[in-house]
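# Structural description and commentary
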Amino acid sequence: MPVCAVLGGQWGDEGKGKIVDVLAEKAHVTARFSGGNNAGHTVMNPEGDFKLHLVPSGIFWPEGMAVIGNGVVVDPDALLEEIGGLRGRGVDLDGRLLVSDRCHLVMPYHVVLDELGEAARGDQAIGTTGKGIGPAYTDKAARIGIRAADLFDLEALYPRLERVMGHHNAIIEKVYDAAPVSLAETFDRCKGWASALRPFVGAVEHVVYNAVGAGKTVLLEGAQGAMLDLDHGTYPYVTSSHPTIGGASTGLGLLPRDFDSILGVFKAYSTRVGSGPFLTELFDETGDLIRELAQEFGTTTGRPRRVGWFDSVAARYSARVNGYTSLVLTRLDVLDSLDNIKLCVAYELEGKRVEDFPGSAAVLERCKPIYEDFPGWDGATAGVTNIEDLPEGALRYVRRLEELSGLPIDVISTGPYRHEVVTVRQVV
Ligand code: GDP
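Residues numbered from 1 in each chain as written. Predicted model: local features only at pLDDT ≥ 70, side-chain atom pairs only at ≥ 80, totals over all residues. Heavy atoms only, no water.

## Digging into the side chain of R418
- Along the polypeptide, R418 turns up in the loop between strand 19 (409-413) and strand 20 (421-423).
- Classification of R418 as buried rests on a relative accessible area of 15%.
- Here D21 takes part through its side chain, which lies 2.9 Å from a polar atom of the side chain of R418.
- Here R418 is in contact with K18, D21, V22, M44, N45, P46, F60 and W61, once residues within four sequence places are set aside. (Helix = DSSP H or I, 4+ residues; strand = E, 2+ residues; numbered from the N terminus. Buried < 20%, exposed > 50% of the residue type's maximum accessible area, 1.4 Å probe, protein only. Polar contact = N/O pair within 3.5 Å; in protein donor to acceptor, adjacent residues only side chain to side chain. Contact = heavy atoms within 4.5 Å.)

## Focus: the packing of aromatic side chains
- Here the structure, examined in full by the defined rule, presents nine aromatic pairs.
- Pairwise contacts between aromatic rings join F266, F310 and Y324 into one cluster.
- Positioned over the ring face of F50 is R89, at 4.0 Å from the centre of the ring.
- Its end group placed over the ring of F152, R198 keeps NZ or CZ at 3.9 Å from the ring centre. (Phe/Tyr/Trp six-rings, centres within 6.5 Å; stacked < 30°, edge-to-face > 60°. Lys NZ or Arg CZ within 6 Å of the ring centre and 35° of its normal.)

## Observations regarding the sheet that holds strand 9 (residues 201-202)
- One open sheet holds the ten strands; their spatial order is 9-7-5-2-10-1-11-15-19-20, and the pairing between them is mixed. Either end of the sheet is taken by a strand with one partner, and the two such strands are strand 9 and strand 20.
- Here strand 2 (residues 29-32) pairs with strand 10 (residues 218-221) via four bridges, running parallel. By the bridge assignment, R32 is partnered in strand 10 with E221.
- Contacts between helix 1 (residues 16-23) and the sheet are confined to strand 1 (3-8), strand 2, strand 10, strand 11 (261-267), strand 15 (326-330), strand 19 and strand 20, with strand 1 contributing the most and set at about 160° to the helix.
- Together, strand 15 and strand 19 form the strand contacts of helix 12 (residues 392-405), whose direction differs from that of strand 19 by roughly 135°. (Pairing = 2+ DSSP bridges. Axes fitted to C-alpha atoms, helices over the stretch in contact; angles between N-to-C directions.)

## A look at the pairing of strand 11
- Of all seven residues that make up strand 11, seven are buried, and the element is covered over most of its length.
- Pairing analysis gives five bridges linking strand 1 to strand 11, with the strands arranged parallel. Bridge pairing in strand 11 links C4 to S261.
- Summarising the sheet, strand 11 and strand 15 pair through five bridges and their orientation is parallel. Of the residues in strand 15, the one forming a bridge with L263 is S326.

## Remarks on the side chain of D336
- Position of D336 relative to the elements: it lies in the loop between strand 15 and strand 16 (340-349).
- Nearest to the buried, unbridged D336 among oppositely charged side chains is R331, at 12 Å.
- Only 3.1 Å separates the side chain of D336 from the backbone nitrogen of A382, close enough to count as a polar contact.
- Those residues within four positions of D336 in sequence are excluded, and the remaining contacts are W377, G379, A380, T381 and A382. (Lys, Arg positive; Asp, Glu negative; His and termini not counted. Salt bridge = Lys/Arg side-chain N within 4 Å of Asp/Glu carboxyl O.)

Pasting the structure below:
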């Protein structure tokens, strides 16, 4: 299975980090292709408990390479902090971590613009992580971004930085009435990043291309989720990149024909961080219970996550957009102590049944979920590693999710640790 993509099927935080850590044992290369350090991937394995924001979660298997593709925007300070943290805990990165020289950098003025822009949106705020990711992608599309490669030609960088910062500082001062970002300080930081990042920057696309050409296993680690995709998500309450399979292609230079398996990772329920429509959201004590049981607080922001039931209309849409070959179900154990579980099978809009996910956030807001009731199960799924050991009721829930999504569930995660997993079918 040379290329296997692990993609978020919902609104992010599905547990992709854990799944990538599990599957990376067999990978020669693990790659990120979109997003930035707004992602927060949690990995719990014999090395310890880790929260990764930029470094791919395959880094813990010493034989593999971990690469950050051109589609990712990189905050150099955040990356260096993560590298330092991993090294400090004994994870060997030398010669194993490579960042594409085509990656756009998240600059200090992007963080300032992100915070000011979000505050100015008032009650129309998107709920960004405030890490400068959106403004960095905006500059990329506007062709005024600074890329990792630019750090290694400081002479050419200075006049570009001067022009770009002149533009952004005019907005910061005149539109937002805030203090400008210092050009001299920013340039000094670029000099520091140039030397600190030198060993980690290179031509990622060739590493990936060569691995694919040699039939080696390349594992792609999605960030965020399909429903937050800039085009396919609930616009404007979306992220500024493409966490879907198309983003995996452009974000690494892979050809569509290279993909052998595309895994959609779904929680057994749903969560969403930030604003935007979320039809199955729970506002009652069941929602609070799930949030507490599952510790649904953002890895990057610490914000409480919005919690709701599994939405199979969204899941079917996510499967269409991504072409999943199969699914991974995570956090089934979180539902262990519930007496009743609901499953959204369709929506209702103005008296009509809706099976297809609407393209407009405003239309979506007017839809109501149609639920199927599911009894809770006797016994625990927590820590189960064998499908025969799943309680009957839990298995029935899994089978119904398969029916509703039209896809097999090949992996079931039953806890946060690496070993807490049921492999129904080998996927890599
Ligand atoms: P990611 O961004 O998709 O990698 O997901 P996050 O790391 O933000 O959130 C997933 C959380 O769920 C982390 O705290 C994981 O340790 C945890 N997790 C992953 N799989 C499971 C599981 O099957 N059961 C439980 N209880 N926790 C899980």
